[in-house]
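Survey of secondary and tertiary structure
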2 protein chains.
Amino acid sequence: MAKVRHTRFDCSPGCSVEAAIRLIDGKWKCVVLYHLLDEGTLRFNEIRRRIPSVTQRMLTNQLRELEDDGLVHRKVYAQVPPKVEYSMTELGRSLAPIISALKVWGDENIGRFGTPLAVDADQPRIRQST
Amino acid sequence: MAKVRHTRFDCSPGCSVEAAIRLIDGKWKCVVLYHLLDEGTLRFNEIRRRIPSVTQRMLTNQLRELEDDGLVHRKVYAQVPPKVEYSMTELGRSLAPIISALKVWGDENIGRFGTPLAVDADQPRIRQST
DNA sequence: ATCAACAGTATCCTTTTTGACACTATATGC
DNA sequence: GCATATAGTGTCAAAAAGGATACTGTTGAT
(Lines give C-alpha, C1' and ligand atoms only; values in the text may rest on other atoms or scores of the structure.)
Protein backbone atom coordinates (compact mmCIF):
# COMPACT_ATOMS: atom_id res chain seq x y z
CA MET A 1 0.00 0.00 0.00
CA ALA A 2 0.88 3.57 -0.20
CA LYS A 3 3.15 4.21 2.65
CA VAL A 4 3.36 7.82 3.46
CA ARG A 5 6.94 8.74 3.17
CA HIS A 6 6.41 12.38 2.67
CA THR A 7 4.35 13.39 5.59
CA ARG A 8 4.12 16.87 4.25
CA PHE A 9 2.53 17.71 0.98
CA ASP A 10 2.39 14.78 -1.35
CA CYS A 11 -0.44 13.95 -3.61
CA SER A 12 -1.63 10.93 -1.72
CA PRO A 13 -2.06 11.69 1.95
CA GLY A 14 -2.96 15.31 1.75
CA CYS A 15 -2.25 17.25 -1.30
CA SER A 16 -3.05 20.43 0.45
CA VAL A 17 -1.77 22.60 -2.31
CA GLU A 18 -3.99 20.77 -4.72
CA ALA A 19 -6.90 21.17 -2.41
CA ALA A 20 -6.33 24.85 -2.04
CA ILE A 21 -5.87 25.53 -5.68
CA ARG A 22 -9.01 23.67 -6.53
CA LEU A 23 -11.03 26.29 -4.75
CA ILE A 24 -9.61 29.17 -6.68
CA ASP A 25 -9.28 27.29 -9.92
CA GLY A 26 -11.74 28.47 -12.47
CA LYS A 27 -11.36 31.11 -15.02
CA TRP A 28 -12.87 33.93 -13.03
CA LYS A 29 -12.89 32.83 -9.45
CA CYS A 30 -9.75 34.52 -8.34
CA VAL A 31 -10.78 37.74 -9.97
CA VAL A 32 -14.10 37.64 -8.22
CA LEU A 33 -12.40 36.89 -4.95
CA TYR A 34 -10.02 39.72 -5.49
CA HIS A 35 -12.79 42.23 -5.99
CA LEU A 36 -14.79 40.97 -3.07
CA LEU A 37 -11.76 41.08 -0.84
CA ASP A 38 -11.01 44.50 -2.14
CA GLU A 39 -14.42 46.06 -1.95
CA GLY A 40 -16.26 44.10 0.65
CA THR A 41 -19.76 43.73 -0.68
CA LEU A 42 -20.83 43.81 -4.27
CA ARG A 43 -24.00 43.13 -6.15
CA PHE A 44 -24.10 40.77 -9.08
CA ASN A 45 -23.96 43.39 -11.76
CA GLU A 46 -21.36 45.36 -9.90
CA ILE A 47 -19.07 42.39 -10.18
CA ARG A 48 -19.94 42.02 -13.81
CA ARG A 49 -18.99 45.58 -14.52
CA ARG A 50 -15.63 45.00 -12.89
CA ILE A 51 -14.96 41.99 -15.07
CA PRO A 52 -16.21 43.03 -18.47
CA SER A 53 -15.42 39.83 -20.31
CA VAL A 54 -17.23 37.46 -18.05
CA THR A 55 -20.61 36.27 -19.21
CA GLN A 56 -23.64 36.16 -16.97
CA ARG A 57 -23.71 32.41 -17.01
CA MET A 58 -20.04 32.10 -16.12
CA LEU A 59 -20.26 34.62 -13.34
CA THR A 60 -23.25 32.85 -11.90
CA ASN A 61 -21.42 29.54 -12.08
CA GLN A 62 -18.33 30.82 -10.44
CA LEU A 63 -20.25 32.54 -7.69
CA ARG A 64 -22.28 29.43 -7.03
CA GLU A 65 -19.17 27.33 -6.72
CA LEU A 66 -17.57 29.83 -4.44
CA GLU A 67 -20.72 29.84 -2.38
CA ASP A 68 -20.86 26.06 -2.29
CA ASP A 69 -17.28 25.99 -1.11
CA GLY A 70 -18.18 28.35 1.68
CA LEU A 71 -15.95 31.12 0.50
CA VAL A 72 -18.59 33.61 -0.49
CA HIS A 73 -21.81 34.60 1.13
CA ARG A 74 -24.86 35.33 -0.95
CA LYS A 75 -27.57 37.51 0.49
CA VAL A 76 -30.81 37.75 -1.40
CA TYR A 77 -33.16 40.60 -0.74
CA ALA A 78 -36.78 39.77 -1.32
CA GLN A 79 -37.32 42.70 -3.56
CA VAL A 80 -38.92 42.81 -6.85
CA PRO A 81 -36.18 44.26 -8.87
CA PRO A 82 -33.88 41.56 -7.58
CA LYS A 83 -31.06 42.48 -5.29
CA VAL A 84 -28.33 40.08 -4.31
CA GLU A 85 -25.25 40.98 -2.41
CA TYR A 86 -22.06 38.99 -2.40
CA SER A 87 -19.42 39.15 0.26
CA MET A 88 -16.62 37.03 1.61
CA THR A 89 -17.18 34.62 4.44
CA GLU A 90 -14.65 34.22 7.19
CA LEU A 91 -13.26 31.20 5.42
CA GLY A 92 -13.07 33.16 2.25
CA ARG A 93 -11.22 35.97 3.92
CA SER A 94 -8.66 33.46 5.09
CA LEU A 95 -7.70 33.12 1.45
CA ALA A 96 -6.52 36.68 1.41
CA PRO A 97 -2.82 35.79 1.75
CA ILE A 98 -3.05 33.56 -1.29
CA ILE A 99 -4.84 36.08 -3.42
CA SER A 100 -2.48 38.70 -2.23
CA ALA A 101 0.57 36.60 -3.06
CA LEU A 102 -0.85 35.96 -6.50
CA LYS A 103 -1.44 39.63 -7.04
CA VAL A 104 2.01 40.63 -5.89
CA TRP A 105 3.63 38.09 -8.13
CA GLY A 106 1.40 38.93 -11.02
CA ASP A 107 2.02 42.64 -10.74
CA GLU A 108 5.74 42.08 -10.82
CA ASN A 109 5.80 39.58 -13.61
CA ILE A 110 2.87 40.28 -15.80
CA GLY A 111 4.95 41.79 -18.54
CA ARG A 112 6.70 38.50 -18.95
CA PHE A 113 4.06 36.32 -20.37
CA GLY A 114 1.76 38.67 -22.12
CA THR A 115 -1.81 39.59 -21.70
CA PRO A 116 -4.10 37.14 -20.01
CA LEU A 117 -7.25 38.62 -21.39
CA ALA A 118 -7.88 40.38 -24.62
CA VAL A 119 -6.27 43.72 -24.12
CA ASP A 120 -4.80 44.22 -27.52
CA ALA A 121 -7.10 43.80 -30.41
CA ASP A 122 -4.55 42.53 -32.89
CA GLN A 123 -3.93 39.22 -31.30
CA PRO A 124 -6.57 36.69 -32.24
CA ARG A 125 -5.70 34.21 -29.57
CA ILE A 126 -9.05 33.14 -28.32
CA ARG A 127 -11.64 35.01 -30.20
CA GLN A 128 -11.87 35.60 -33.84
CA SER A 129 -13.28 38.94 -34.52
CA THR A 130 -15.90 39.06 -37.17
CA MET B 1 6.10 41.26 -27.64
CA ALA B 2 3.62 43.67 -26.28
CA LYS B 3 4.75 44.67 -22.87
CA VAL B 4 1.61 45.43 -21.11
CA ARG B 5 1.94 47.95 -18.41
CA HIS B 6 -0.16 47.46 -15.42
CA THR B 7 -2.13 50.58 -16.13
CA ARG B 8 -3.08 49.22 -19.48
CA PHE B 9 -5.17 46.63 -17.75
CA ASP B 10 -8.63 47.89 -18.28
CA CYS B 11 -10.00 44.62 -17.03
CA SER B 12 -9.35 45.77 -13.51
CA PRO B 13 -6.46 45.18 -11.15
CA GLY B 14 -7.67 41.65 -10.64
CA CYS B 15 -6.02 40.77 -13.90
CA SER B 16 -2.62 40.29 -12.41
CA VAL B 17 -4.11 37.72 -10.10
CA GLU B 18 -5.58 36.08 -13.11
CA ALA B 19 -2.26 36.13 -14.90
CA ALA B 20 -0.45 34.57 -12.00
CA ILE B 21 -2.91 31.81 -11.48
CA ARG B 22 -2.75 30.83 -15.09
CA LEU B 23 0.81 29.73 -14.62
CA ILE B 24 0.04 27.33 -11.85
CA ASP B 25 -3.30 26.26 -13.18
CA GLY B 26 -3.25 22.71 -14.42
CA LYS B 27 -3.99 19.55 -12.62
CA TRP B 28 -0.43 18.68 -11.68
CA LYS B 29 1.57 21.83 -12.04
CA CYS B 30 1.54 22.91 -8.46
CA VAL B 31 2.48 19.44 -7.33
CA VAL B 32 5.41 19.41 -9.69
CA LEU B 33 6.43 22.84 -8.56
CA TYR B 34 6.23 21.79 -4.98
CA HIS B 35 8.52 18.85 -5.48
CA LEU B 36 11.01 20.82 -7.49
CA LEU B 37 11.02 23.58 -4.93
CA ASP B 38 11.40 21.00 -2.23
CA GLU B 39 14.06 18.83 -3.75
CA GLY B 40 15.90 21.03 -6.17
CA THR B 41 16.62 18.87 -9.15
CA LEU B 42 14.71 15.84 -10.29
CA ARG B 43 14.73 13.60 -13.31
CA PHE B 44 11.58 12.86 -15.21
CA ASN B 45 10.90 9.51 -13.67
CA GLU B 46 11.82 10.75 -10.25
CA ILE B 47 8.99 13.22 -10.53
CA ARG B 48 6.72 10.51 -11.80
CA ARG B 49 7.43 8.36 -8.82
CA ARG B 50 6.56 11.21 -6.52
CA ILE B 51 3.22 11.73 -8.20
CA PRO B 52 1.96 8.21 -8.77
CA SER B 53 -1.30 9.11 -10.44
CA VAL B 54 0.06 11.33 -13.13
CA THR B 55 0.43 9.79 -16.55
CA GLN B 56 3.50 10.17 -18.68
CA ARG B 57 1.68 12.29 -21.16
CA MET B 58 0.27 14.61 -18.54
CA LEU B 59 3.57 15.00 -16.79
CA THR B 60 5.27 15.81 -20.07
CA ASN B 61 2.58 18.34 -20.86
CA GLN B 62 2.77 20.06 -17.53
CA LEU B 63 6.55 20.18 -17.58
CA ARG B 64 6.57 21.58 -21.07
CA GLU B 65 4.16 24.31 -20.11
CA LEU B 66 6.14 25.14 -17.03
CA GLU B 67 9.24 25.28 -19.18
CA ASP B 68 7.55 27.45 -21.77
CA ASP B 69 6.50 29.81 -19.03
CA GLY B 70 10.06 30.04 -17.86
CA LEU B 71 9.39 28.54 -14.46
CA VAL B 72 11.25 25.30 -14.90
CA HIS B 73 14.56 24.55 -16.49
CA ARG B 74 15.04 21.40 -18.53
CA LYS B 75 18.52 20.08 -18.98
CA VAL B 76 19.01 17.27 -21.45
CA TYR B 77 22.11 15.14 -21.26
CA ALA B 78 23.22 13.73 -24.57
CA GLN B 79 23.35 10.24 -23.26
CA VAL B 80 21.95 7.18 -24.71
CA PRO B 81 19.79 6.05 -21.94
CA PRO B 82 18.16 9.45 -21.85
CA LYS B 83 18.73 11.70 -18.93
CA VAL B 84 16.80 14.88 -18.35
CA GLU B 85 16.98 16.96 -15.25
CA TYR B 86 14.34 19.43 -14.17
CA SER B 87 14.88 22.28 -11.80
CA MET B 88 13.34 25.60 -10.95
CA THR B 89 14.46 28.75 -12.65
CA GLU B 90 14.89 31.95 -10.74
CA LEU B 91 11.50 33.04 -11.92
CA GLY B 92 10.06 29.75 -10.81
CA ARG B 93 11.58 30.11 -7.39
CA SER B 94 9.87 33.44 -7.08
CA LEU B 95 6.64 31.51 -6.99
CA ALA B 96 7.61 29.94 -3.72
CA PRO B 97 5.53 32.32 -1.60
CA ILE B 98 2.45 31.42 -3.57
CA ILE B 99 2.99 27.69 -3.36
CA SER B 100 3.77 28.10 0.27
CA ALA B 101 0.64 30.15 0.93
CA LEU B 102 -1.42 27.52 -0.83
CA LYS B 103 0.12 24.80 1.24
CA VAL B 104 -0.40 26.60 4.51
CA TRP B 105 -4.01 27.27 3.71
CA GLY B 106 -4.60 23.79 2.44
CA ASP B 107 -3.06 22.18 5.46
CA GLU B 108 -5.33 24.13 7.72
CA ASN B 109 -8.48 23.62 5.75
CA ILE B 110 -8.18 20.33 3.99
CA GLY B 111 -10.56 18.60 6.36
CA ARG B 112 -13.27 20.82 5.03
CA PHE B 113 -13.57 19.42 1.56
CA GLY B 114 -12.42 15.85 1.96
CA THR B 115 -9.76 14.17 -0.04
CA PRO B 116 -8.62 16.18 -3.00
CA LEU B 117 -7.17 13.31 -4.92
CA ALA B 118 -8.39 9.80 -4.34
CA VAL B 119 -5.15 8.18 -5.29
CA ASP B 120 -5.39 4.77 -3.82
CA ALA B 121 -8.45 2.69 -3.90
CA ASP B 122 -9.19 1.98 -0.29
CA GLN B 123 -9.17 5.50 0.88
CA PRO B 124 -12.48 6.58 2.28
CA ARG B 125 -14.14 9.02 0.01
CA ILE B 126 -15.22 11.31 2.76
CA ARG B 127 -12.73 12.13 5.36
CA GLN B 128 -13.68 14.41 8.13
CA SER B 129 -11.56 15.60 10.89
CA THR B 130 -12.75 17.81 13.62
C1' DA C 1 17.59 -13.34 -27.05
C1' DT C 2 14.82 -11.02 -23.86
C1' DC C 3 13.86 -7.60 -20.60
C1' DA C 4 13.82 -3.38 -17.92
C1' DA C 5 14.90 1.55 -17.65
C1' DC C 6 15.08 5.89 -19.68
C1' DA C 7 12.24 10.08 -21.51
C1' DG C 8 9.31 10.70 -23.89
C1' DT C 9 5.38 10.48 -28.59
C1' DA C 10 1.22 9.36 -30.86
C1' DT C 11 -3.42 8.34 -31.08
C1' DC C 12 -7.87 7.93 -29.58
C1' DC C 13 -11.47 8.88 -26.55
C1' DT C 14 -14.23 10.92 -22.70
C1' DT C 15 -15.14 14.48 -19.56
C1' DT C 16 -15.13 19.13 -18.20
C1' DT C 17 -15.13 23.84 -19.10
C1' DT C 18 -16.39 27.74 -21.50
C1' DG C 19 -18.94 30.72 -24.85
C1' DA C 20 -22.98 32.49 -27.40
C1' DC C 21 -27.37 33.37 -27.28
C1' DA C 22 -32.06 33.54 -25.94
C1' DC C 23 -35.22 33.83 -22.30
C1' DT C 24 -37.63 34.79 -17.44
C1' DA C 25 -40.34 38.34 -14.31
C1' DT C 26 -41.21 42.73 -12.26
C1' DA C 27 -40.83 47.65 -11.37
C1' DT C 28 -39.65 52.13 -12.77
C1' DG C 29 -39.14 55.86 -16.06
C1' DC C 30 -40.50 57.96 -20.53
C1' DG D 1 -46.51 50.75 -24.90
C1' DC D 2 -41.52 50.43 -24.74
C1' DA D 3 -37.03 50.38 -22.98
C1' DT D 4 -34.13 49.61 -19.03
C1' DA D 5 -32.30 47.47 -15.00
C1' DT D 6 -32.20 43.64 -11.90
C1' DA D 7 -30.30 38.58 -11.20
C1' DG D 8 -30.41 35.22 -13.01
C1' DT D 9 -31.76 30.16 -16.23
C1' DG D 10 -31.64 27.08 -20.14
C1' DT D 11 -29.85 25.14 -24.16
C1' DC D 12 -26.65 24.07 -27.56
C1' DA D 13 -22.13 23.73 -29.32
C1' DA D 14 -17.22 24.32 -29.34
C1' DA D 15 -12.95 23.94 -27.15
C1' DA D 16 -9.89 22.47 -23.81
C1' DA D 17 -8.30 19.32 -20.53
C1' DG D 18 -7.37 14.93 -19.12
C1' DG D 19 -7.00 9.62 -19.32
C1' DA D 20 -5.79 5.08 -21.44
C1' DT D 21 -2.97 2.72 -24.09
C1' DA D 22 0.51 1.61 -27.26
C1' DC D 23 4.79 2.66 -29.28
C1' DT D 24 9.86 4.69 -30.07
C1' DG D 25 15.19 3.58 -29.78
C1' DT D 26 19.17 2.59 -27.27
C1' DT D 27 21.95 0.38 -23.57
C1' DG D 28 23.14 -2.70 -20.12
C1' DA D 29 21.98 -6.69 -17.53
C1' DT D 30 20.34 -11.43 -17.34
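In this text the structure is predicted, and so the values were computed from the model without any measurement. (Residues numbered from 1 in each chain as written. Chains lettered and ligands numbered in written order. Predicted model: local features only at pLDDT ≥ 70, side-chain atom pairs only at ≥ 80, totals over all residues. Heavy atoms only, no water.)

1. Digging into the overall build of chain A
Each helix and strand in chain A was counted, giving six helices and three strands. Sequence-ordered secondary structure for chain A, helices as α and strands as β, is α-α-β-α-α-β-β-α-α. For chain A, buried positions account for 45% of its 130 residues. Of the contacts made within chain A by residues no fewer than 6 positions apart, 47% connect residues no fewer than 24 positions apart. (Helix = DSSP H or I, 4+ residues; strand = E, 2+ residues; numbered from the N terminus. Buried < 20%, exposed > 50% of the residue type's maximum accessible area, 1.4 Å probe, protein only. Contact = heavy atoms within 4.5 Å.)

2. Things to note about the sheet that holds strand E2 (residues 72-77) of chain A
All names here are of chain A. The sheet built from three strands is open, its strands ordered E1-E3-E2 with antiparallel pairing. For this open sheet the edge positions go to strand E1 (41-43) and E2, each flanked by a neighbour on one side alone. Strand-to-strand, the axes of this sheet are offset by a mean angle of 25 degrees, without reference to chain direction. Judged from the six bridges that link them, E2 and strand E3 (residues 83-88) form a sheet pairing that is antiparallel. Looking at E3, one finds that His73 is bridged to Ser87. (Pairing = 2+ DSSP bridges. Axes fitted to C-alpha atoms, helices over the stretch in contact; angles between N-to-C directions.)

3. What about the packing of aromatic side chains?
Applying the stated criterion across every chain yields a total of zero aromatic pairs over all chains. For Lys83 of chain A, the ring lying beneath its charged end belongs to Tyr77 of chain A, and the centroid distance is 4.6 Å. (Phe/Tyr/Trp six-rings, centres within 6.5 Å; stacked < 30°, edge-to-face > 60°. Lys NZ or Arg CZ within 6 Å of the ring centre and 35° of its normal.)

4. Topic: the side chain of Lys29 of chain A
Topologically, Lys29 of chain A is positioned in helix H2 (residues 29-39). Contact partners of Lys29 of chain A, with chain neighbours within four places excluded, come to Arg22, Leu23, Ile24, Gln62, Glu65, Leu66 and Asp69 of chain A.

5. Observations concerning the sheet that holds strand E1 (residues 41-43) of chain B
All names here are of chain B. The strand order across the open sheet formed by three strands is E1-E3-E2, and the pairing between neighbours is antiparallel. Lying at the two open borders of the sheet, with one neighbouring strand each, are E1 and strand E2 (72-77). Averaged over all pairs of adjacent strands, the angle between their axes in this sheet comes to 25 degrees, without regard to strand direction. Of the strand pairs in this sheet, E1 and strand E3 (residues 83-88) are connected by three bridges, and their pairing is antiparallel. By the bridge assignment, Thr41 is partnered in E3 with Ser87. Sitting on the sheet, helix H4 (residues 56-68) is in contact with E2 and E3, with an inclination near 110 degrees to E2.

6. Quick word on the nonpolar core
Ranked by internal contacts, the top residues of the largest apolar core, which has 65 residues, are Ile24, Ile47 and Leu102 of chain A together with Ile24, Ile47 and Leu102 of chain B. With sequence-adjacent residues up to four places away left out, Ile47 of chain B is seen in contact with Val32, Leu36, Leu42, Leu59, Leu63 and Tyr86 of chain B. (Core = buried A, V, L, I, M, F, W, Y, C linked by side-chain atoms within 4.5 Å.)

7. Topic: the protein's contact with DNA strand C
The full set close to DNA strand C counts 19 residues, and Arg57 and Val80 of chain A together with Gln56, Arg74 and Tyr86 of chain B are the nearest of them. A share of 66% of the atoms of DNA strand C within 4 Å of the protein falls on sugar and phosphate groups. Taking Arg57 of chain A, its side chain carries an N or O atom lying 2.5 Å from a base nitrogen of DNA strand C. Between a phosphate oxygen of DNA strand C and a main-chain N or O atom of Val84 of chain B, the distance comes to 3.3 Å. At the level of secondary structure, the elements contributing two or more residues to the surface near DNA strand C comprise helix H4 (56-68) of chain A together with helix H3 (44-50), H4 and E3 of chain B. The element that contributes the greatest number of residues to the surface near DNA strand C is H4 of chain B, accounting for four residues. Looking at the surface near DNA strand C residue by residue, the class counts come to seven nonpolar, three polar and nine charged. (Near = heavy atom within 4 Å. Polar contact = N/O pair within 3.5 Å; in protein donor to acceptor, adjacent residues only side chain to side chain. Nonpolar A, V, L, I, M, F, W, Y, C, P; charged D, E, K, R; others polar.)

None of this, on its own, says anything about what the molecule does.
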